[in-house]
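Architecture at a glance
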Amino acid sequence: MESSKIDHPVTDLIQQRRSSRAYAHEHIEQEKINSLFEAARWAPSSMNEQPWTYIYATKSQSEMWNKLFDALNEGNQIWAKDAPLLVLSLARKKFQRNDRTNHTALYDMGAANAFLSLQATELGLNVHQMGGFDGSKVRNDFNVGDEYEIGVIMAIGYPGDPSQLPANLKQRESAPRVRRKLQEFVMNKSF
Ligand SMILES: Cc1cc2nc3c(=O)[nH]c(=O)nc-3n(C[C@H](O)[C@H](O)[C@H](O)COP(=O)(O)O)c2cc1C
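Residues numbered from 1 in each chain as written. Predicted model: local features only at pLDDT ≥ 70, side-chain atom pairs only at ≥ 80, totals over all residues. Heavy atoms only, no water.

1. Quick look at the overall build of the protein chain
Looking only at helices and strands, the protein chain has eight helices and six strands in total. Helices and strands appear in the protein chain in the N-to-C order β-α-α-β-α-α-β-α-β-α-β-α-β-α. Computed over the C-alpha atoms, the radius of gyration of the protein chain is 18 Å, within 12% of the 16 Å expected from 2.2 N^0.38 for a compact globule of 191 residues. With respect to the three principal axes, the spread of C-alpha positions in the protein chain is 55 × 50 × 30 Å. The burial tally for the protein chain puts 39% of its 191 residues in the buried class. Summarising the internal contacts of the protein chain: among those between residues at least 6 apart in sequence, 77% fall at separations of at least 24. Carbon and sulfur atoms make up 50% of the accessible area of the protein chain, which amounts to about 11400 Å² in all. (Helix = DSSP H or I, 4+ residues; strand = E, 2+ residues; numbered from the N terminus. Rg over C-alpha atoms; globule rule 2.2 N^0.38 Å. Buried < 20%, exposed > 50% of the residue type's maximum accessible area, 1.4 Å probe, protein only. Contact = heavy atoms within 4.5 Å. Areas by Shrake-Rupley, 256 points an atom, 1.4 Å probe, with all protein chains shown as cover.)

As structure tokens, this is what we get:
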């Protein structure tokens, strides 16, 4: 059973954040881009390893931006074409201190991305994470070594006008956001 409403109070940023697909044709100030990565910087991580690495490109850096954009699945390109900022997130697979496998590297990168997303919400920006892209293409195009796991590409920008989107996406923009109920994933007992 799913619900589209908040059942218990949560902080406003969590309520406001959503993965929209409509972007304004407005560049993002460099200070705000810096704040996004600063938020990621302060995420918790196993052994404080901070295994995340980001490669970003603004739309004005067209060569790099296009390399990221070209890797996206067609279904993502349709709307991500207007995003003024694309960010590739990577996770270093081994601990720097001892070269052992870091089994929580992707987990930690996800936490950093969540921090970045909430900071973006605070700044009036929309972050839309995407797993739908060709990882081997970005690995090749950006010389990403084997020591990194590929995470997601994020489309980031100020919210735009959803009426500019194709009909099916327009409808998705206004559809209620649904979530599983707490009792489906929170237990106070064993399985
Ligand atoms: C790891 C990950 C991969 C995702 N991949 C895509 C994607 O390729 N295309 C897309 O449109 N949305 C993608 N999303 C967005 C999810 O569909 C979205 O977060 C989910 O439907 C919940 O909606 P909300 O973020 O607005 O709450 C992805 C999200 C995450 C966290």
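2. Considerations on the sheet that holds strand S3 (residues 85-92)
Strand order in the open sheet formed by four strands is S2-S3-S5-S4, with antiparallel pairing between adjacent strands. The strands lining the two open edges of the sheet, one partner per strand, are strand S2 (52-58) and strand S4 (126-130). Here the strands of the sheet are splayed against their neighbours by 25 degrees on average, with no regard to which way each runs. The strands touched by helix H2 (residues 30-41) within the sheet are S2, S3 and strand S5 (148-157), with S2 carrying the most contacts at an inclination of about 165 degrees. Of the strands in this sheet, S2, S3, S4 and S5 are in contact with helix H5 (residues 105-122), which crosses S5 at around 10 degrees. (Pairing = 2+ DSSP bridges. Axes fitted to C-alpha atoms, helices over the stretch in contact; angles between N-to-C directions.)

3. Things to note about H5
Compared with the 26 Å implied by 1.5 Å per residue over 18 residues, the 26 Å span of H5 between its first and last C-alpha is a close match. Burial in H5 covers these residues: Ala-105, Asp-108, Met-109, Ala-112, Asn-113, Leu-116, Ser-117, Ala-120 and Thr-121. Tucked inside the fold, the buried residues of H5 contact helix H1 (12-16), H2, S2, S3, S4 and S5. Backbone geometry just after H5 places Gly-124 at a positive phi near 80 degrees. (Expected span 1.5 Å × (residues − 1).)

Any functional reading would require information that these geometric values do not contain.
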